[in-house]
Amino acid sequence: MSPLSNCSVNLKGKSLRDEEILQHLPVGTTATLYFKDLGPQIGWTTVFLIEYTGPLFIYFLFYFRMTFVYGLDERFTSSPHPVVNLACICHSFHYIKRLIETVFVHRFSRGTMPLRNIVKNCLYYWGFAAWLIPYPTKNPFTWLFFFVSCPNYTYEVGTWISFTIMTQCVPVGLFTLLCFIQMTIWAKDKHCTYLREFKNYPSHRMPIIPFLL
């Protein structure tokens, strides 16, 4: 029996991983398996590489003020503000870090994502990367793990808030707001999963913002 591909199997409310093989499951001969066609899928590693590579290069496209984007007017092809350079360094470091994490750090509980979602995700990341710059107006502290379920989201929102304050740019602020909304949804979902799986999960721990949310 070969590993399942593009299917979700419900067994007592839990899905099986893509690499699991039916004949190796400890279910005996009377188990009932439910299959669902998930349609075209794409691996999460590929998803993240596509999502994060785009913003890295698109931001450079606008940072270097290409004439085919801005024309030949000197007011738009150069900027005297040092914050523009600092913003580019911060933005590039963020996405380079994400690419490195995707390749060497992340492990995914689900192997794939619906292929149609990649268009939506890329429009979000790539589109904002093109909009963040046109008119530029130590490791995480471990104590945060005691207060929130997803401190990685908490720190990332904090960095985008700092980036917004530094650049004082409306598109960056909007991007930060949307980031916060999406990460809150993800954090709540993971928080609920932890509550179900760990009986003694700390009651004071919140999804993303200590003591609040």
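Now for a look at the structure at hand. (Residues numbered from 1 in each chain as written. Predicted model: local features only at pLDDT ≥ 70, side-chain atom pairs only at ≥ 80, totals over all residues. Heavy atoms only, no water.)

All right, on to the overall build of the chain then. In terms of helices and strands, the chain carries seven helices and five strands. When the helices and strands of the chain are read in sequence order from the N terminus, they spell out β-β-β-β-α-α-α-α-β-α-α-α. In the chain, which comprises 213 residues, the proportion classed as buried is 31%. Per element, the accessible surface of the chain, about 14,200 Å² overall, is 65% carbon and sulfur. (Helix = DSSP H or I, 4+ residues; strand = E, 2+ residues; numbered from the N terminus. Buried < 20%, exposed > 50% of the residue type's maximum accessible area, 1.4 Å probe, protein only. Areas by Shrake-Rupley, 256 points an atom, 1.4 Å probe, with all protein chains shown as cover.)

Here we come to the packing of helix H1 (residues 44–63) against helix H5 (residues 117–131). Running from N to C, H1 and H5 point in directions that differ by 25 degrees, and their axes come no closer than 8 Å. In this view, H1 runs roughly parallel relative to H5, as classed from their interaxial angle. In this structure, H1 crosses over H5, and the sense of that crossing is right-handed. Where H1 approaches H5, its residues Val47, Ile50, Glu51, Tyr52, Gly54, Pro55, Ile58, Tyr59 and Phe62 are matched on the opposing element by Ile118, Asn121, Cys122, Tyr125, Trp126, Ala129 and Ala130. Across the contact of H1 with H5, the residue classes break down as 13 nonpolar, two polar and one charged. (Axes fitted to C-alpha atoms, helices over the stretch in contact; angles between N-to-C directions. Parallel < 35°, antiparallel > 145°, perpendicular 65-115°, else oblique. Left-handed = near helix turned anticlockwise from the far one by under 90°. Contact = heavy atoms within 4.5 Å. Nonpolar A, V, L, I, M, F, W, Y, C, P; charged D, E, K, R; others polar.)

Now for the side chain of Thr184. The topology assignment puts Thr184 in helix H7 (residues 170–197). For Thr184, a relative accessible area of 7% puts it in the buried group. The residues contacting Thr184, other than those within four sequence positions of it, are Ile208 and Leu213.

Here the focus is the packing of helix H4 (residues 82–104) against helix H6 (residues 151–167). Packed helix pairs are specified by the crossing angle of their axes together with the interaxial distance, meaning the distance between the axes. Between H4 and H6, the shortest axis-to-axis distance is 10 Å and the interhelical angle comes to 165 degrees. The angle between H4 and H6 places the two elements in the roughly antiparallel class. Relative to H6, H4 is oriented so that their crossing is left-handed. Residues Val83, Leu86, Ala87, Cys90, His91, His94, Tyr95 and Arg98 of H4 form the contact with H6, whose own contacting residues are Glu156, Trp160, Phe163, Met166 and Thr167. When the residues that make up the contact of H4 with H6 are grouped by side-chain class, the tally is eight nonpolar, three polar and two charged.

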